[in-house]
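# Observations on the model geometry
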Amino acid sequence: MPTMKSVLTGARNEVEVVEVERPAPGPRDALVRIRACGICGTDTFFVRTGGTPYHPGGSVVPLPLGHEPAGEIVEVGSAVTDLKVGDRVVVNPQGAPSGIIGCGGDLGGMNEYLLVENAVPGESVAVIPDGLPFDVAALNEPMAVARHCVNRSGAKPTDRVVVFGAGPIGLGVTIWLKLRGVGHVVVVDVLPERLETASAVGADAVVDSGAEDLAARLTALHGQGANALGQPRPGTDIYIDAAGAPAAFNAAVDSAKWGARLVMVAVQKKGADIDLGGMLRSELTLIASQGYPTEIFEVTAELAEHRERFARLISHRVPFSEVKRAFELALTPGAAEKVVVTYDDPA
């Protein structure tokens, strides 16, 4: 039986590379040779916990990692008619009947090969153009998360928007907002290199919230507004929390004018005391944004069209032979922004 290498959770803060049987596609499946796979915060969460408790009694089983894969079809089942060997594809990790790929399901995208169950274009996979590099194609899934956030925000060209957090999702949100025609987008972070990237991908202004008075700077950028009691507030229309830190969430509540919206796309790392009175005084609308109900392949064509812009989100490209180093980078605070694992060209 042919085998392949697969990356699983190991002990806490470690991954294991194991040799497993290479899957064989059924009549409706396709086999994809992985050419790039991004590392997400969800991956690092699983690695930090050492896996996922599936069974009674708290036992932990190794978890296949990776839900941001891009690759090339090397085999198709007999009933697959709309895909062929050689097609370059991105994968919908939520489209697998056996569970979400790399997030608790039986399959992981951080393998040499990935079985795509029920391989249907537009549902489980999407074909990408030859000119889209695989490392940028691997951003398809997180950029779908960012696109859903922008869709949930309802942002219009006339809106003034603030994005908290210049990580991959916050930067993706920034790009989609500008491509949507939103006139003024401010990105807030505390790391200068992140703010530089935000400017490079199209932010109209950046704010270092550790060194600047955020409310004063936003008022200078977005004009003067007020809350329901007439108290002065920046004229910002929409706040987007892509940071997942209580300070960012509370800063939005403190700054919100009457009728502002706050979209929460980041996973909150720990709970925070929320000023509900402040939300009341501004009639702040809180909108949660989870995943990508429809956006997973809506973003693919624009990702290809604006590939150079999206490529700026990748801070490190690490070969699969050094996948443990890739996870060390992703697990070390401040060491990397977006790590994409790359694979050798097919033989």
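The structure under discussion appears in the preceding block.
As the structure is a prediction and not an experimental result, all values here were calculated from the model. (Residues numbered from 1 in each chain as written. Predicted model: local features only at pLDDT ≥ 70, side-chain atom pairs only at ≥ 80, totals over all residues. Heavy atoms only, no water.)

## Concerning the overall build of the chain
The helix and strand inventory of the chain stands at 11 helices and 19 strands. Relative to the 2.2 N^0.38 estimate, which gives 20 Å for 347 residues, the radius of gyration of the chain is 21 Å and therefore close to what a compact globule would have. Dimensions along the principal axes, computed over C-alpha positions, put the chain at roughly 70 × 45 × 30 Å. Taking all 347 residues of the chain together, 51% fall into the buried category. (Helix = DSSP H or I, 4+ residues; strand = E, 2+ residues; numbered from the N terminus. Rg over C-alpha atoms; globule rule 2.2 N^0.38 Å. Buried < 20%, exposed > 50% of the residue type's maximum accessible area, 1.4 Å probe, protein only.)

## Examining the pairing of strand 6 (residues 69-76)
One ladder, built from seven bridges, connects strand 3 (residues 30-38) with strand 6; its direction is antiparallel. Considered in strand 6, the bridge of Ala 30 is made with Val 76. Note that strand 6 and strand 7 (residues 88-91) share three bridges and pair antiparallel. Bridge pairing links Ala 70 to Val 90 in strand 7. (Pairing = 2+ DSSP bridges.)

## A look at the side chain of Thr 44
Here Thr 44 lies in helix 1 (residues 41-49). Within the local environment of Thr 44, its side chain forms a polar contact with the backbone oxygen of Gly 41, the two atoms lying 2.8 Å apart. Filtering out sequence-adjacent residues up to four positions away, Thr 44 remains in contact with Ile 39, Ala 330 and Leu 331. (Polar contact = N/O pair within 3.5 Å; in protein donor to acceptor, adjacent residues only side chain to side chain. Contact = heavy atoms within 4.5 Å.)

## Side note on the state of the cysteines
Defined simply, a disulfide is a covalent bond joining two cysteines at their sulfur atoms. As enumerated under the stated definition, the model contains zero disulfides in all. Not engaged in a disulfide, the cysteine Cys 40 finds its nearest cysteine sulfur in Cys 103; these two sulfurs lie 7.0 Å apart. Cys 149 takes part in no disulfide bond, and the closest cysteine sulfur, belonging to Cys 40, lies 15 Å away. (Disulfide = S-S within 2.5 Å.)

## Points about the environment of Gly 259
Tracing the backbone shows Gly 259 in the loop between helix 7 (246-255) and strand 16 (261-264). Classification of Gly 259 as partly exposed rests on a relative accessible area of 41%. Taking the C-alpha atoms as reference points, Gly 259 and Gly 99, separated by 160 residues in sequence, lie 40 Å from one another. Leaving out residues up to four positions away in the same chain, Gly 259 has contacts with Ser 282 and Glu 283.

## Comments concerning the sheet that holds strand 15 (residues 238-241)
Ordered in space as 12-11-10-15-16-17, the six strands form an open sheet in which the pairing is parallel. Since the sheet does not close on itself, it has two edges, and those belong to strand 12 (205-208) and strand 17 (285-288), each with one partner. Across this sheet, the average inter-strand angle for adjacent strands is 20 degrees, counted without regard to direction. Note that strand 10 (residues 160-164) and strand 15 share four bridges and pair parallel. Looking across to strand 15, one finds that Phe 164 is bridged to Asp 241. (Axes fitted to C-alpha atoms, helices over the stretch in contact; angles between N-to-C directions.)

## Structural notes on the packing of helix 3 (residues 140-153) against helix 4 (residues 168-179)
At their nearest, the axes of helix 3 and helix 4 sit 8 Å apart, and the two run at 55 degrees to each other. One way to sum up the angle between helix 3 and helix 4 is to call them oblique. Helix 4 is crossed by helix 3, and the crossing has right-handed handedness. Residues Pro 142, Met 143, Val 145, Ala 146, Arg 147, Cys 149 and Val 150 of helix 3 form the contact with helix 4, whose participating residues are Pro 168, Ile 169, Gly 172, Val 173, Trp 176 and Leu 177. Of the residues in the contact of helix 3 with helix 4, the class split is 11 nonpolar, one polar and one charged. (Parallel < 35°, antiparallel > 145°, perpendicular 65-115°, else oblique. Left-handed = near helix turned anticlockwise from the far one by under 90°. Nonpolar A, V, L, I, M, F, W, Y, C, P; charged D, E, K, R; others polar.)

## Section: empty space enclosed by the protein
Throughout the structure, instances matching the rule amount to two cavities of 30 Å³ or more. Taken as a whole, the largest cavity spans an internal volume of roughly 50 Å³. The wall of the largest cavity is formed by Val 91, Asn 92, Gly 95, Ala 96, Ile 101, Leu 107, Leu 115, Val 116, Glu 117 and Ser 124. In this structure, the second largest cavity spans a volume of roughly 30 Å³. His 67, Glu 68, Pro 69, Val 90, Val 91, Ala 137, Ala 138, Asn 140 and Glu 141 are the residues that line the second largest cavity. (1 Å grid on protein atoms, 1.4 Å probe; cavity = no way out; pocket = protein on both sides within 12 Å on 5 of 7 lines; lining within 4 Å. Points joined across faces, edges and corners; volume = space filled by probe spheres on them.)

## Things to note about the pairing of strand 16
Bridge count between strand 15 and strand 16: four bridges; the pairing is parallel. Counterpart to Tyr 239 in the pairing with strand 16 is Leu 262.

## Some points on the nonpolar core
Among the nonpolar cores identified, the biggest contains 49 residues, and Leu 139, Val 163, Val 173, Leu 177, Ile 240 and Phe 310 are the most heavily contacted of them. Elements that contribute at least two residues to this core include exactly helix 2 (134-137), helix 3, strand 10, helix 4, strand 11 (184-189), helix 5 (192-200), strand 15 and helix 9 (300-305). In terms of residues, this core owes the most to one element, helix 3, which gives six residues. Excluding its chain neighbours within four sequence positions, the residues that come into contact with Leu 177 are Val 150, Ala 155, Val 161, Val 163, Val 182, Val 185 and Ile 240. With 35 residues, the next largest nonpolar core counts Ile 34, Ile 73, Leu 83 and Val 339 among its residues. (Core = buried A, V, L, I, M, F, W, Y, C linked by side-chain atoms within 4.5 Å.)

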